[in-house]
Amino acid sequence: MKHPTLFAEPAEPVSFVNRRTSDVTFKGKLSLPIHRWYRLTPSFSPQLALDIADHFGITPDGFVLDPFSGVGTVPLCMKYRGIPACSIELNPYLHFVGTVKTRTYADLPDIREFFDSFLVRAREEVAAIPKGKAVAGYLEENAQFIPPIHKPERWWSPMNLAQLTCIRRLLLNTEDTGEHIDLLKMGILGILIPVSNAKHNHVSLTFAKEPLPTVDVVGVLADKLGDIIDDIDAVSSLPCSEVKVYAGNSKEAASVLPRSPKVSAVITSPPYPNRFSYARETRPHLFFFNMIASAEAVGQLETDAIGGTWGKATSVLMDGVEPANAVVRKLMAPYLDIAHRDGNGHLMTAYVVKYFNDLYTHAEQIGKVCRARAKLAYVIGNSKFYGQPLPSDEILAGIFAHFGFALDGIHKMRRRVSKAGLYEAVVMMSRQ
Ligand SMILES: C[S@@+](CC[C@H](N)C(=O)[O-])C[C@H]1O[C@@H](n2cnc3c(N)ncnc32)[C@H](O)[C@@H]1O
């Protein structure tokens, strides 16, 4: 499977206004090799990353950074354009996804054999799980292998949970290590939501009214692993560059990244100020293979993230947050005033102020890692604050201007259909 959109030569001219949804959002990656391994709804289209790279005229002499890696869209796109690139991601599961997707795999026959033998064992063991009410006994006996997430029975129907528990036990007990295991884990984590009672009806996951009936979980996994094999095969003969996904916080980008090379372009999309929680969204995946130690650690992850809003992060906001400096204070003044008039905006005001304080810290770090004449593209959505639009794109541009990045243009790429007045824009800036 080779897809023209992923590997196409630059299309001229590239436009950033009124784009098709699939040229902006996750929808543009659902049929693309490797990009399709895990669906993150607030991730952007590979076509957008490639169009920005073309617009900036980035060549293999450049070095691209995505400080908010998500599922690794930017480093993956740059890799098969032959452009050296890296990214930073705070969430351990998303860091894992980006890392596994951007590796180069040379030993396809070995991977296939490894997957096949795992599937044979999984089929045998799953066939032995007692059916009907007796499944409760199986879950009790294998309690230590049940996915360690709060109320797993809410996420998966009993028979589906038992099959996942069996697969999890097999994987945790295997003696193999290394990249093949990571690919297998990628496949398993990629099916957790499709075999669950959760649905992608909204941007965030929600539970379906009716739990999912029993499905053939090993069959679903076999299909997923088949896709992974096909995709590795599809890119195996393509020339590519070295890319790396760093684990860390983009508010400390200068200490996360190596001192050289300096970054020639940033192509990225930070969280939007819309209270979407990446930690909440990925908690089944974070816990399934113990990528995070505890519920407290998830709370900390959320608090450290830009735009963190869930659980512990909310209690941090309770005490109120002041603009960190005169730059943020001035840029936010018109909107803080609206909150004060409303009289009820304590928590939301703290949320929005913390969001832009964090972006300020991040922008300062970007100033440290970029070379002269570096180009930046920040994809961001606006939001509404007490019924008034909050122009996050303009505020972001104001913050970066303070660190010597001039605004080249804000392109409104598409309206977000769910709410009037909301749009997604790309903010283009360059270092003077
Ligand atoms: C809008 S998503 C990026 C999606 C990405 N463009 C893609 O296509 O997958 C924002 C990402 O930033 C990450 N993030 C939030 N705060 C961060 C921080 N302080 N440092 C690094 N990553 C962070 C989130 O976990 C999330 O994966």
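Student: What is the right way to look at helix 9 (residues 179–191) in this model?
Tutor: Every α-helical turn comprises 3.6 residues, leaving residues that sit three or four positions apart pointing alike. Taking 1.5 Å of rise per residue, 13 residues should cover 18 Å, and helix 9 covers 19 Å from first to last C-alpha, within 8% of that figure. Where burial is concerned, most of helix 9 is hidden: twelve out of the 13 residues are buried. Among the residues of helix 9, His180, Ile181, Asp182, Leu183, Leu184, Lys185, Met186, Gly187, Ile188, Leu189, Gly190 and Ile191 are the ones counted as buried. For helix 9, the secondary structure elements touched by its buried residues are helix 4 (92–102), helix 5 (108–127), helix 8 (158–173), helix 10 (217–235) and helix 13 (283–288).

Student: Please explain the pattern of salt bridges as it appears in this structure.
Tutor: When their charged atoms lie close together, side chains carrying opposite charge are able to pair. Following the criterion strictly, the structure yields twelve salt bridges and no others. Of the charged contacts in the structure, one is a salt bridge between arginine 103 and aspartate 182, with a shortest N-O distance of 3.0 Å. Taken together, the positions of arginine 103 in the loop between helix 4 and helix 5 and aspartate 182 in helix 9 put the pair 79 residues apart, joining distant regions of the chain. Across the pair arginine 169 and glutamate 125 runs a salt bridge whose closest N-O atoms are separated by 2.7 Å. Linking arginine 169 in helix 8 with glutamate 125 in helix 5, this pair joins segments that are 44 residues apart in sequence. Residue arginine 169 is classed as buried on the basis of its relative accessible area, which comes to 16%. The partly exposed category is assigned to glutamate 125, whose relative accessible area is 31%. Residues joined in a network through salt bridges with shared partners are Arg36, Asp227 and Asp231.

Student: Before we go on, may I ask you to explain helix 2 (residues 46–56) in this structure?
Tutor: Burial analysis of helix 2 places ten of its eleven residues in the buried class, which makes it a mostly covered element. Of all the residues in helix 2, the buried ones are Pro46, Gln47, Leu48, Ala49, Leu50, Asp51, Ile52, Ala53, Asp54 and Phe56. N-cap assignment for helix 2: the residue whose side-chain oxygen lies 3.1 Å from the backbone N of glutamine 47 is serine 45. Directly beyond the C-terminal end of helix 2, a positive phi value near 65 degrees is found at glycine 57.

Student: Explain the site of the ligand to me, please; I cannot follow it from the model alone.
Tutor: In the neighbourhood of the ligand, 24 residues make up the surrounding shell, with Val71, Thr73, Glu89, Asn249 and Ser250 lying closest. A distance of 2.6 Å separates an oxygen atom of the ligand from a polar side-chain atom of glutamate 89. Here asparagine 249 contributes a side-chain N or O atom positioned 2.7 Å from a nitrogen atom of the ligand. Contact with the protein chains removes 99% of the 610 Å² of surface that the ligand exposes when unbound.

Student: Please explain the nonpolar core as it appears in this structure.
Tutor: The tendency in soluble globular proteins is for nonpolar side chains to be buried side by side. Residues Phe356, Ile366 and Tyr378 are the most contacted members of the largest nonpolar core, which totals 70 residues. In contact with isoleucine 366, not counting residues within four places along its chain, are Leu65, Pro67, Val266, Leu376, Tyr378, Phe400 and Phe405.

Student: What's the story with the side chain of serine 69 in this structure? I'm lost.
Tutor: Inspection of the secondary structure assignment puts serine 69 in the loop between strand 1 (64–66) and helix 3 (73–79). In this view, serine 69 contacts Pro75, Ser87, Ile88, Glu89 and Val245; residues no more than four positions away in its chain are not counted.

Student: Would you mind showing me how to read the packing of aromatic side chains here?
Tutor: How two aromatic rings sit relative to each other is set out by the distance from centre to centre and by the angle between their planes. Summed over all chains, the structure comprises ten aromatic pairs. Relative to phenylalanine 400, the ring of tyrosine 378 has its centre 4.8 Å away and its plane inclined at 50 degrees; by these criteria the two rings are tilted. You can see tyrosine 378 sitting in strand 7 (residues 370–381) and its partner phenylalanine 400 sitting in helix 18 (residues 392–402), a full 22 residues away along the chain. In terms of burial, tyrosine 378 and phenylalanine 400 fall into one category: buried. Between phenylalanine 400 and phenylalanine 405 the ring centres are 5.8 Å apart and the planes differ by 70 degrees, which places this aromatic pair in the edge-to-face class. We classify phenylalanine 405 as buried; its relative accessible area is 1%. Connected via pairs of aromatic rings, a cluster forms that spans Trp155, Trp156 and Phe207. Directly above the aromatic system of phenylalanine 288 lies the positively charged group of arginine 168, at a separation of 5.8 Å from the ring centroid. Positioned above the aromatic ring of tyrosine 246, the side-chain terminus of lysine 244 is 5.2 Å from the ring centre.

Cut-off values and rules
Residues numbered from 1 in each chain as written. Predicted model: local features only at pLDDT ≥ 70, side-chain atom pairs only at ≥ 80, totals over all residues. Heavy atoms only, no water. Helix = DSSP H or I, 4+ residues; strand = E, 2+ residues; numbered from the N terminus. Expected span 1.5 Å × (residues − 1). Buried < 20%, exposed > 50% of the residue type's maximum accessible area, 1.4 Å probe, protein only. Contact = heavy atoms within 4.5 Å. Salt bridge = Lys/Arg side-chain N within 4 Å of Asp/Glu carboxyl O. Polar contact = N/O pair within 3.5 Å; in protein donor to acceptor, adjacent residues only side chain to side chain. Near = heavy atom within 4 Å. Areas by Shrake-Rupley, 256 points an atom, 1.4 Å probe, with all protein chains shown as cover. Core = buried A, V, L, I, M, F, W, Y, C linked by side-chain atoms within 4.5 Å. Phe/Tyr/Trp six-rings, centres within 6.5 Å; stacked < 30°, edge-to-face > 60°. Lys NZ or Arg CZ within 6 Å of the ring centre and 35° of its normal.

Shape is all these values report; function is a separate question.
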